[in-house]
Amino acid sequence: MSRLVVGLRARQLALPVRPVAHPASARLPVLRLASTVPPPSTVPHGTAVPPASPESAGPPPIPPPPATPLLPPPSHSAPASVPPPAPPSPPSSPPPPPPPPPRARAPRRWLSSALLFGTSALLVAYYYDARSLFHEHAVMPAIRAAADPETGHVWAVRLLALPKWLRPHDLGVDGHELRAELFGIPLSNPVGIAAGFDKDAAAIDGLFDLGFGYVEVGSVTPEPQPGNPKPRFFRLAEDDAAINRYGFNSLGHGEALARLRRRVAAFAREHPSLFPSPLPRDPTPPPGVPRSLRPGHVLAVNLGKNKVSAADSNDDYVRGMRALGPYADVVVVNVSSPNTPGLRALQGKGTLKRLLGDVVAERDRIKDAAGLPKVAVKVACDLADDELADVAAAVRETGVDGVIISNTTVRRAELGLTSEHRHETGGLSGRPLFPYALQAVRTLRPLLPPSIPIIGAGGIWTGSDALAMAGAGASIVQVYTSFGYRGVGTAALIKDEIARGLAAAPASASTSLAGAKTWASAIGQEYENGAMGWDEDRVRREGEHVRKEAEGLAELLRHIHERNDLERLVEKAEEALGRGARAASAGQSSAASPADASHASAQVTQLDQAPPAPGQTRLVTAPVGSAAPASPTDPISPHTADAAADAVCASTGQPAGADLSSVAVVVEHAQAPPAPAPSVKDDWRAEVRRGTKRLV
């Protein structure tokens with residue numbers, strides 16, 4: 001029985017069979033048994049194999065072979081060459097059951113892999129395409145829910161500072177209708193990012209890759225400073241606004257300069273033919289190449305002021321121009337942040353004129369053949385109309401190249417805010433600011449020649465907002481808060497909206513965009529003339545009128561000074577008359593009564609002559625205590641009391657400096673009629689917009 005089991009098991013395992021040692025009485029040739037017993041696969045199901053009895057003298061009977069022919073036995077070259085088989089398993093342990101057949105999982109596994117791969121590819125495509133709504137409606141709400149405003153701001157800057165292959169891009173191409181021009185530099189599109197997002201020049205190329213044509217970094221202060229305590233940035237989601245009181249948190253000129261230099265060095269390695277060899281240690285962009293290092297784009301650096309600097313010092317801005325000016329297309333002088341004490345006081349006409357003059361003078365020392373960098377000043381929309389006129393005058397007189405309007409606002413009550421953070425201290429930006437920024441642009445535009453561009457900023461959310469700024473006279477626009485709400489696709493979305501707005505502009509003259517099919521043709525559409533309200537002849541005439549008014553005011557002040565001098569002269573004469581009366585009463589007290597002395601000392605003869613002409617003065621003198629008629633002098637115009645005393649001495653024949661206590665003096669002065677006050681019309685804004693009136 002054991003040999004039969006071994007033989008069957010060997011057949012199942014396809015192993016060569018070897019004889020097994022048994023007693024001689026039960027020894028049988030194994031090969032014969034293997035050749036006569038059919039393999040397990042040929043035995044009919046349910047057929048029992050008779051067991052072999054070890055006590056039988058002979059072999060057990062062999063069943064007749066089945067009708068099916070037997071398979072040929074495996075061939076062996078020699079029995080001695082057959083390797084020994086593995087020892088059989090003990091009879092007490094049955095062989096394990098065969099494993100179940102594998103399930104058909106290949107189609108399901110393929111479907112899961114395809115779904116995973118397709119979803120990943122779709123997400124990657126949405127991530128890299130800045131125009132996709134995935135960023136605005138999925139990524140940005142998730143970031144707002146997961147992080148506080150300042151942390152989200154830091155994450156965004158770090159994302160855009162990653163290598164090029166890891167950050168999103170604007171995959172579209174700017175159309176010809178979006179082309180703009182700023183300071184004579186052509187731009188591929190008019191949408192820019194305002195200062196305050198990339199404060200230390202860490203993500204310049206990342207912002208350009210998102211489709212911005214103008215990138216402004218900063219504000220950068222000379223020395224590092226942490227800014228105001230946290231929390232200092234608040235979302236007003238219900239109002240599409242934000243309030244910040246960062247307070248010029250900056251790593252300083254040194255860090256910004258190092259990053260700008262590294263950027264130029266990387267560009268030099270990619271374009272070695274544009275730079276001298278060997279490359280200088282601190283290379284600057286070569287002539288003919290914009291500081292943005294990208295044709296059709298502009299890079300601006302916004303300069304701020306340290307809190308510890310003197311309020312009346314311009315040195316922080318001059319140092320910024322000297323250090324960062326060679327690496328920027330535009331240098332912006334920020335005098336309008338509400339979060340630095342005393343900074344907005346620099347917007348006054350005299351102070352601003354001195355500041356801009358110093359910055360322009362420093363720029364002129366470092367400019368290259370292309371006339372770069374340009375200088376712009378950033379002001380607030382909280383200024384009154386006459387204060388905006390002062391800004392315009394300072395810009396014209398100092399040679400500043402442009403104006404950015406507006407910075408954040410400190411208004412609250414009139415904005416109709418509903419967010420719980422509406423009462424936080426700081427500058428507010430976002431949609432509620434847009435009407436005030438737009439009105440400030442409309443007020444300032446006629447006060448500047450067309451050669452001085454205005455950059456519109458403040459609350460720009462959509463393409464229609466940008467087109468409204470263009471109609472008011474803005475050459476390009478900047479976004480800030482909308483970038484934080486709409487995500488990395490903000491520039492691309494606004495450009496698409498501008499293109500659609502220009503394509504749908506009606507041809508009738510009932511709208512401000514009538515006939516405007518390009519951005520350049522939409523600029524200044526609200527004005528009747530192509531100069532956007534600017535008229536050189538009118539400005540010259542108004543300047544002459546202002547000069548005459550100033551001369552009249554000076555004449556009025558001169559008359560006021562003369563009147564004050566004459567009042568002092570009368571006081572001195574009355575004092576002299578009092579001393580003379582006391583002396584006369586003392587000398588005649590023995591011969592006359594006090595009443596007679598008083599009458600003699602107060603005797604004054606009235607003149608029958610005509611009074612002096614208006615604006616003239618004459619002195620009437622008479623000896624004290626005498627009945628002699630008073631003798632008037634010729635009309636004089638004394639400027640001081642001493643000059644009047646000299647005139648009295650001359651009229652009485654006394655030497656200069658003589659004692660006048662015995663002379664009664666009467667001063668007759670005909671006042672000149674006051675100069676009429678200049679009239680101010682209430683509708684001057686309409687006259688400015690029509691080009692018939694101008695503030696200077």
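Position labels on residues start from 1 in each chain and follow its written sequence. Whole-chain, interface and lining totals are the exception, using all residues; otherwise, since this is a predicted model, local features are given only for residues with pLDDT of at least 70 and side-chain atom pairs are given and counted only at 80 or more. Each side-chain value is derived from all of the structure's non-hydrogen atoms; neither hydrogens nor water enter the calculation.

Student: Describe the overall build of the chain, and please don't skip the residues or the numbers.
Tutor: Across its full length, the chain carries 19 helices and 16 strands. Counting the 696 residues in the chain, one finds 41% classified as buried. In the chain, of all internal contacts separated by at least 6 residues, the share reaching a separation of at least 24 is 70%. Surface accessibility follows the Shrake-Rupley procedure with a 1.4 Å probe radius. Residue values consider only the protein chains on display as shielding. Roughly 36300 Å² of accessible area belongs to the chain as shown, and the carbon and sulfur atoms make up 60% of that amount. Each helix corresponds to a stretch of at least 4 residues labelled H or I by DSSP, and each strand to a stretch of at least 2 residues labelled E; elements are numbered beginning at the N terminus. Exposure is judged per residue with a 1.4 Å probe applied to protein chains only, and the accessible area is read against the type maximum: over 50% gives exposed, under 20% gives buried, and values in between give partly exposed. Contact definition: two residues touch when any of their heavy atoms are within 4.5 Å.

Student: Outline a nonpolar patch on the surface, listing residues and values.
Tutor: Patch members must show over 30% relative accessible area and no salt bridge, and they are joined within 9 Å when carrying like charges or within 5 Å when they are nonpolar side chains of Val, Leu, Ile, Met, Phe, Trp or Tyr. A side-chain nitrogen of Lys or Arg and a carboxyl oxygen of Asp or Glu constitute a salt bridge if their distance falls within 4 Å. On the surface, Leu553, Leu557 and Ile560 cluster together into a nonpolar patch covering about 240 Å² of accessible area. Here Leu557 is to be found in helix H16 (residues 536–587).

Student: Describe the confidence of the model for the chain, and please don't skip the residues or the numbers.
Tutor: Looking at the chain, the pLDDT average stands at 76 and 64% of residues meet or exceed 70. This stretch, residues 1–11, has a pLDDT under 50; its non-local contacts, to residues over four places away or in other chains, come to 23 contacts. A residue's pLDDT is simply how confident the predictor is in it, with values from 0 to 100. In the predicted structure, residues 52–57 sits below a pLDDT of 50 and forms three contacts with residues beyond four places in sequence or in another chain.

Student: Describe unusual backbone geometry, with residues and values.
Tutor: Here the amide bond leading from Lys230 into Pro231 is cis, since omega sits at -5°, within 30 degrees of zero. Its place among the elements puts Pro231 in the loop between strand S4 (214–220) and strand S5 (233–236). In this structure, the amide linkage connecting Ser277 to the following residue, Pro278, adopts the cis form with an omega of 0°. Among the secondary structure elements, Pro278 is positioned in the loop between helix H7 (252–270) and strand S7 (298–303). Of note, Ala201 is a non-glycine position whose phi angle comes to about 60°, a positive value. Structurally, Ala201 can be placed in the loop between strand S3 (191–193) and helix H6 (204–209). A positive phi angle is found at Phe248, which is not glycine, with a value near 55°. Counting through the fold element by element, Phe248 comes out in the loop between strand S6 (241–244) and H7. For Phe248, a relative accessible area of 7% translates into the label buried.

Student: Pulling in residues and values, what's your account of the pattern of salt bridges?
Tutor: Side-chain pairs of opposite charge can arise whenever the charged atoms involved come near each other. Within the structure shown, the criterion is met by 23 salt bridges. Among the salt bridges present, the one from Arg167 reaches Asp209, with a minimum N-O distance of 2.9 Å. With Arg167 in the loop between helix H5 (149–160) and strand S1 (180–182) and Asp209 in helix H6, this residue pair connects regions lying 42 residues apart in the sequence. The burial state of Arg167 is the same as that of Asp209; both residues are buried. Here Arg294 makes a salt bridge to Asp209, at a shortest N to O gap of 3.0 Å. One end of the pair, Arg294, is in the loop between H7 and S7; the other, Asp209, is in helix H6, with 85 residues separating them in the sequence. Take Asp209: its relative accessible area is 9%, and that puts it in the buried class. Ionic contacts of the salt-bridge type, sharing partners, join the residues Arg167, Asp205, Asp209, Arg263 and Arg294 into one network.

Student: Tell me about the sheet that holds strand S11 (residues 427–430), and please be specific about residues and values.
Tutor: Strands sit in the order S5-S6-S11 across an open sheet of three strands; the sheet is antiparallel. The sheet terminates laterally at S5 and S11, the two strands that pair on one side only. Between one strand axis and the next, the sheet turns through 20° on average, direction left out of account. By definition, two strands form a pair when at least two bridges between them are found by DSSP. By the bridge criterion, four bridges tie S5 to S6 in an arrangement that is antiparallel. By the bridge assignment for S6, Phe234 is matched with Ile243. Note on geometry: axes are C-alpha line fits, over the in-contact stretch for helices, and angles between N-to-C directions span 0 to 180 degrees.

Student: I'd like to hear about H5, residue by residue, with values.
Tutor: Working rule for helices: expected span equals 1.5 Å times residues minus one. The end-to-end C-alpha separation of H5 is 17 Å, in line with the 16 Å expected for twelve residues at 1.5 Å each. Those residues of H5 lying buried are Pro149, Glu150, Gly152, His153, Val157 and Leu160. In an axial view of H5, the angular spread of the buried residues amounts to 160°, which keeps them on one side of the axis. In the core, the buried residues of H5 are packed alongside helix H4 (133–146), H6, S5 and helix H13 (481–486). Nitrogen and oxygen atoms within 3.5 Å of one another constitute a polar contact, given that in protein one can donate a hydrogen and the other can accept it, and given that sequence-neighbouring residues count only through two side-chain atoms. Where H5 begins, the side chain of Asp148 points an oxygen toward the backbone nitrogen of Glu150, at a separation of 3.2 Å. Taking the helix axis as origin, the arc is that swept by the directions to the C-beta atoms.

Student: Run through the packing of aromatic side chains, naming residues and quoting values.
Tutor: Within 6.5 Å between ring centres, the rings of Phe, Tyr and Trp (the latter by its six-membered ring) count as paired, and their orientation is classed by plane angle as stacked under 30 degrees, edge-to-face over 60, tilted in between. This structure, assessed with the given rule, holds five aromatic pairs. Judged by centre distance (5.5 Å) and plane angle (45°), the rings of Trp461 and Tyr485 are tilted. Taken together, the residues Trp461 in the loop between strand S12 (454–457) and helix H12 (463–472) and Tyr485 in helix H13 connect sequence positions 24 residues apart. Like Tyr485, Trp461 is buried.

Student: Which residues make up the packing of helix H10 (residues 385–398) against helix H11 (residues 434–444), and what values do they have?
Tutor: Interaxial distance between H10 and H11 falls to 10 Å at its minimum, and their mutual angle equals 55°. With respect to H11, the axis of H10 lies oblique. As H10 runs across H11, the sense of the crossing is right-handed. Between H10, through Asp385, Leu388 and Ala392, and H11, the contact on the second element is made entirely by Ala440, Thr443 and Leu444. Here the nonpolar group is Ala, Val, Leu, Ile, Met, Phe, Trp, Tyr, Cys and Pro; Asp, Glu, Lys and Arg are the charged ones; every other residue, Gly included, is treated as polar. Residue composition of the contact of H10 with H11, by class: four nonpolar, one polar and one charged. Orientation is classified from the angle alone, with under 35 degrees giving roughly parallel, over 145 giving roughly antiparallel, 65 to 115 giving roughly perpendicular, and any other angle giving oblique. Should the near helix be turned anticlockwise from the far one by less than a right angle, the crossing is left-handed, and should it be turned clockwise, the crossing is right-handed.

Student: Account for the sheet that holds S4, with residues named and values stated.
Tutor: The sheet built from eight strands closes into a barrel, its strands ordered S3-S4-S7-S8-S9-S10-S12-S13 with parallel pairing. Here the average twist between neighbouring strands, direction ignored, is 25°. The sheet strands contacting helix H14 (residues 490–503) are S3 and strand S13 (476–479), and the helix crosses S3 at an angle near 155°.

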